[in-house]
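# Geometric and topological summary
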Amino acid sequence: MHPSVHAVIAVKSLGLAKSRLADGLAPEYRPRLVLAMLEDTVTAAVSTPAIASVTVVTPDPTVAGVVRALGARVHPEPEVIAPHTSGLNAALAAGAEGVRRAHGAVDLLALQADLPALRAAELGELLRSARHHRSVVTDHDGSGTVALLVRGGGDDPLELNPLFGPDSARRHIAGGAVEVLGEWPGLRQDVDTAADLERAVALGVGRATSALLREIGVSQACHGTGDRCRAESSLS
């Protein structure tokens, strides 16, 4: 069976990197961490056999160059954002529209960009488990969304209807998505705070994030194949 799922990820300019990591990471490292986490997320996605393509929506040329080298496609960020629509959701919708224009009524997977502990096996299991027309995977605390999957159902690109942001899990479920349950700690561990980053590192982050954390002085212990590492010391 040919892969039919097309993933869409949205990333804003690196200069607007996560401010909530300020309590555990110096400002000069935050854009690099955002890029490293994206690299590990995209690497896991392009390595998932069931995923046919990965599209990254971004206005940042550095991001575009990095993800193209990993095998992802790049879609420009929309210039005009509709009222009451977040930039992230507008970008994901634009990416979905580009995918549907190119491929027709394919399955769409909207994925968060900050999943450094994500494994391809987790994504593969999710895609096998999610049989509903619209499915959602909540984050580690159950309030946010890390993945939104829409199965075919026509060529309307607006059907993705991403509602990422505060309390997004409840809003996606209220909009008709069915929560998919599974033990996918890497998929569920998005990173917004220093504590989130510590939890991701404890799970085992990918090569790019691991290399950056080693560079800035976080002790690492590598296990198994060597492409995943966990921290032995605090980030703070």
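This text goes with the structure placed above it.
Since we're looking at a predicted model, the values are computed, not measured.

Residue position: L111 is located in strand β4 (residues 107-111). Through-space distance from the C-alpha of L111 to that of T41 is 8.8 Å; in sequence the pair is 70 residues apart.

On to the packing of helix α1 (residues 30-46) against helix α2 (residues 61-69), then. In a packed pair of helices, the relevant descriptors are the angle between the two axes and the axis-to-axis distance. Across the interface, α1 lies against α2 with an axial gap of 10 Å and an inter-helix angle of 30 degrees. The pairing of α1 with α2 is recorded here as roughly parallel in orientation. With respect to the hand of their crossing, α1 and α2 are arranged in right-handed fashion. Across from L35, L38, E39 and V42 in α1, the residues of α2 making contact are T62, V63, V66 and V67. The residue makeup of the contact of α1 with α2, split by class, is 6 nonpolar, 1 polar and 1 charged.

A separate point is the environment of V46. Residue placement: V46 occurs in helix α1. Ignoring anything within four residues of it in the chain, the contact list for V46 reads V54, L70 and G71.

For strand β5 (residues 134-138), a buried count of 5 out of 5 residues is recorded, marking the element as mostly surrounded by other parts of the structure. Burial along β5 is two-sided: R134, V136 and T138 and S135 and V137, pointing in opposite directions, are all buried. Bridge count between β5 and strand β6 (residues 145-150): 5 bridges; the pairing is antiparallel. Bridging across to β6, V136 finds its partner in L148. Between β5 and β6, which follow one another and run antiparallel, lie 6 residues, and G142 among them has a positive phi close to 85 degrees. In this sheet, strand β7 (residues 178-179) lies alongside β5 in parallel orientation, the contact comprising 2 bridges. Residue pairing across strands places S135 opposite V178, the latter belonging to β7.

The rules behind these values
Residues numbered from 1 in each chain as written. Predicted model: local features only at pLDDT ≥ 70, side-chain atom pairs only at ≥ 80, totals over all residues. Heavy atoms only, no water. Helix = DSSP H or I, 4+ residues; strand = E, 2+ residues; numbered from the N terminus. Axes fitted to C-alpha atoms, helices over the stretch in contact; angles between N-to-C directions. Parallel < 35°, antiparallel > 145°, perpendicular 65-115°, else oblique. Left-handed = near helix turned anticlockwise from the far one by under 90°. Contact = heavy atoms within 4.5 Å. Nonpolar A, V, L, I, M, F, W, Y, C, P; charged D, E, K, R; others polar. Buried < 20%, exposed > 50% of the residue type's maximum accessible area, 1.4 Å probe, protein only. Pairing = 2+ DSSP bridges.

The values reported here are purely geometric and, on their own, carry no functional implication.
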